[in-house]
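# Coordinate analysis (summary)
What follows is each chain in one-letter form.
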Amino acid sequence: MSEIVPVPPSIGAGSPNPIVDLGAWRDHYQRVANDPDAYWLAEAARLVWRTPPTRGLDGSFYEIADGPIAWFADGVHNVHDSCVDRHAVATPDRAAIVWEGDEPGTTRTLTWAQLKDEVCRCANALEALGLQRGERAIVYMGMVPEAAIAMLAIARIGAVHSVVFGGFSAESLRDRVRDSGARLVVTQDEGRRGGRTFALKSVVDEALVGAHVPAVLVLRRTGAEVPWSPGRDVWWHDAVASASSAHEAAAMPAESPLFILYTSGSTGKPKGLLHTTGGYLTWASWTHRTVFDVRPDDVWACVADVGWVTGHSYIVYGPLANGVTTLMFESTPLYPDAGRYWDVVARHKVTAFYTAPTAIRAIAACSADFVTKYDRSTLRVLGTVGEPINADAWRWYHDVVGAGRCAVVDTWWQTETGGICIAPIAPATPTKPGAATLPLPGITPILLDNQDRPVRGPGNGRLFLTTPWPGMARTIWGDHPRFVATYFPGPPGMYLTGDGARRDADGYYWITGRVDDVINVSGHRMGTAEFEGAIASLDEVAECAVVGYPHALKGQGVYAYVVLQAGFSASAEVEAHIQAACRTLIGAHARVDLIQVVPGLPKTRSGKVMRRILRKIAEGDTSNLGDTSTLNDPTVVDAILRGAKV
Ligand code: WT7
């Protein structure tokens, strides 16, 4: 039995949170269950509306094939009314964004008044470049304040942003430009991270060859010489700096698209998940306020990248809607050393901090002095996201970083869910190291066994969610049938998360990881199919299969089984080609950890690769490979076992 860690006594004191104990959690959970429309309309009312919504949910999971669900459909607003403009009036001189650059101590602060000015200038510049309401614009940048400004400026004019993580290759960027039909790209000369620079503008140039993208807005970050296409490329410091700081934010219906974010699935190309303005913002701000128990004078630090959904919901939209100072961090947890996060916490007096288990494990592997030499007395809440957190890492975060005084919240959610779904509420929920604990009000998980039968009480199963909540993605951009097929493949009315989970006797959820062909490496979500496509593109490769396996630091590692064409054999050169193909076709973060050249793949007689066997071998769990008698050629399994890398 795992231990229960009570809420630290200091956490609840003075909290404006309506949910301060488990009784209140139960009460709110029941209130949403009884009348979701009333509950969420009341939460939506905390946003600024030009026409307040009177409608709650339209549609249902049972009718999802007929079209997307909608929330607050008759409401009209612009996310700026809530995220920027009201705070620029109420607290113009307070810090909205605090930026910590790559080199320790390089900081910039934008007050709410300055943020509003900058966003308005940028919006005017984008309009001058021809971007219109409803059109798509790509943001391909590093972690600079201008990335948030660009996102906000695009939203201000009623256009749709699609942020592409700066590690993606030209090939991946091209796919996203094409799929979204983007007509503008915002980028920078180069990015900076961990004392190094990485190319951005030149990658954009490569991605846009043959594409019809008439405008590229380029921020100067490092001052490097970059290729230039006159007539298409415009410098930020020319176009934005000279633009007017007066701009009227477009009036948008609550269900108008806010952003598209591409994410990997188990098959095919990455999917563009579409989030809309009203429900998404309600969810991002409510979950941020509730789970992390934020207070008006907090300094909130989410050290994710804006290229992932965590950055959208918890660097930009949630904190800004809540009027809380949000920190943007350009560097890495280990630059210049393992003390960097706590140096940032001490200097900026951070009150709540949100990171990924992989970063915690990397820092915990170093001396505790890196943490304890910095003043962390301002910290109240410590969050994690992105992958299951092992009990040891949880303990270390709680004991060493939090000195036992801080609430630790392990938050489970996905790009598709828009915001946190299963997590402790900091002042309310006793925790257990490694558990995501309880569903938030409005989230109704169900576990199904392999025959799609509901698991009652404690047990393991595949995690589904059965009722719509305001923050969920509405559809896949341009492909609603794929949305339905991907997320509602099985029992009617159930959203498939792709994760497995265990529910314990207290009703707490422990997420066990993906049960589909998605790999999560250091919080980066990638599809095995993407790796397989990249590797199979090589002339020397006949076929391949890629699976994830447990990795002590990264959560999961990538294991590739590769069958070479006749005449080729395993060599350092072949390995280098494989790595290069993944880098070029996916991105710099797509590295294969283990490559095993095998004589063949285990297949059924109908030719289906038995991935279960390959997964077990990669996990080092070879005692019981299950039934291999149905294999076309059972001897390949022995050959693979002999050469296994783990
Ligand atoms: C997948 C979603 C959510 C923002 C960052 C990742 C895994 C996420 C947890 C957690 C266990 C987690 C799941 C999920 N995941 N948070 N607290 N415990 N697993 O977003 O790229 O859409 O990935 O990340 O497997 O399905 P994403």
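The structure reproduced in this document is the subject of the present report. (Residues numbered from 1 in each chain as written. Predicted model: local features only at pLDDT ≥ 70, side-chain atom pairs only at ≥ 80, totals over all residues. Heavy atoms only, no water.)

Let us look at the overall build of the protein. When you go through the protein residue by residue, the secondary structure sums to 20 helices and 30 strands. For a compact globule of 646 residues, the expected C-alpha radius of gyration is about 26 Å, and the protein comes in at 24 Å, within 12% of that figure. Referenced to the eigenvectors of the C-alpha coordinate spread, the extents of the protein come out at roughly 70 × 65 × 55 Å. Within the protein, buried positions represent 60% of all 646 residues. For the protein, the proportion of contacts with a sequence separation of at least 24, taken over those separated by at least 6, is 72%. When the accessible area of the protein is evaluated, it comes to approximately 23200 Å², of which 52% is carbon and sulfur surface. (Helix = DSSP H or I, 4+ residues; strand = E, 2+ residues; numbered from the N terminus. Rg over C-alpha atoms; globule rule 2.2 N^0.38 Å. Buried < 20%, exposed > 50% of the residue type's maximum accessible area, 1.4 Å probe, protein only. Contact = heavy atoms within 4.5 Å. Areas by Shrake-Rupley, 256 points an atom, 1.4 Å probe, with all protein chains shown as cover.)

In this structure, glutamate 135 sits in the loop between helix 5 (112-128) and strand 6 (136-140). Residues glutamate 135 and valine 345, spaced 210 residues apart in sequence, show a C-alpha to C-alpha distance of 39 Å. With near-sequence residues (within four places) excluded, glutamate 135 lies in contact with Gly130, Ala159, Val160 and Arg183.

A separate point is the site of the ligand. Neighbouring residues of the ligand: 17 residues in total, closest Asp410, Thr411, Thr415, Asp499 and Arg525. The separation between an oxygen atom of the ligand and a polar side-chain atom of arginine 514 is 2.8 Å. Contacts to the ligand include asparagine 520, whose side-chain N or O atom sits 3.4 Å from an oxygen atom. Contact with the protein chains removes 96% of the 550 Å² of surface that the ligand exposes when unbound. (Near = heavy atom within 4 Å. Polar contact = N/O pair within 3.5 Å; in protein donor to acceptor, adjacent residues only side chain to side chain.)

In this section: the sheet that holds strand 25 (residues 509-514). Strand order in the open sheet formed by four strands is 21-22-24-25, with antiparallel pairing between adjacent strands. One side of each edge strand has no neighbouring strand; the edge strands of this open sheet are strand 21 (445-448) and strand 25. With strand direction ignored, the average angle separating the axes of adjacent strands in the sheet is 45 degrees. Looking at chain direction, strand 24 (residues 495-503) and strand 25 are connected through five bridges and run antiparallel. Within strand 25, the position partnered with aspartate 499 by the bridge is arginine 514. (Pairing = 2+ DSSP bridges. Axes fitted to C-alpha atoms, helices over the stretch in contact; angles between N-to-C directions.)

Turning to the side chain of arginine 611, a few remarks are in order. With respect to the secondary-structure elements, arginine 611 resides in helix 19 (residues 611-618). The exposure class of arginine 611 is buried, given its relative accessible area of 17%. A polar contact of 2.5 Å, which involves the side chain of arginine 611, links it to the backbone oxygen of valine 546. Sequence-distant contacts of arginine 611, that is, excluding residues within four places in its chain, are made with Asp517, Thr528, Glu532, Val546 and Val547.

Among the nonpolar cores identified, the biggest contains 120 residues, and Leu115, Leu126, Phe292 and Tyr317 are the most heavily contacted of them. Top element by residues in this core is helix 6 (residues 145-156). It accounts for nine residues. Other than its neighbours up to four places away in sequence, leucine 126 contacts Leu131, Ala153, Ile154, Ile157, Leu184, Val186 and Leu217. Grouped together as the second largest cluster of nonpolar side chains are 43 residues, Val203, Val218, Val562 and Ala581 included. (Core = buried A, V, L, I, M, F, W, Y, C linked by side-chain atoms within 4.5 Å.)

Turning next to the side chain of glutamate 100. Mapped onto the elements of the fold, glutamate 100 is located in strand 4 (residues 95-100). At 3.2 Å, the side chain of glutamate 100 and the backbone nitrogen of glycine 105 are in polar contact. A polar contact of 2.8 Å, which involves the side chain of glutamate 100, links it to the side chain of histidine 348. The residues touching glutamate 100, leaving out its near neighbours within four places in the chain, are Gly105, Thr106, Thr107, Met328, Phe329, Glu330, Arg340, Val344, Arg347 and His348.

Per the stated rule, a full pass over the model turns up 31 aromatic pairs. Look at tryptophan 469 and tyrosine 495: their rings are 6.0 Å apart centre to centre, the planes differ by 75 degrees, and that puts the pair in the edge-to-face class. Of this pair, tryptophan 469 sits in the loop between strand 22 (459-465) and strand 23 (475-476) while tyrosine 495 sits in strand 24, and the two are 26 residues apart along the sequence. Neither tryptophan 469 nor tyrosine 495 differs from the other in exposure class; each is buried. Site record: aromatic cluster; members linked through ring pairs are Phe61, Trp469, Phe483, Tyr487, Phe488 and Tyr495. (Phe/Tyr/Trp six-rings, centres within 6.5 Å; stacked < 30°, edge-to-face > 60°.)

Bringing unusual backbone geometry into the picture now. Cis geometry marks the peptide bond from tyrosine 335 to proline 336, where omega comes out at -5 degrees. For aspartate 293, which is not glycine, the phi dihedral falls at a positive 55 degrees. By the element assignment, aspartate 293 lies in the loop between helix 10 (277-291) and strand 16 (299-302). The residue lysine 349 is not glycine, and still its phi comes out positive at about 55 degrees. With respect to the element layout, lysine 349 can be found in the loop between helix 12 (340-348) and strand 18 (352-355). Since its relative accessible area comes to 53%, lysine 349 is described here as exposed.

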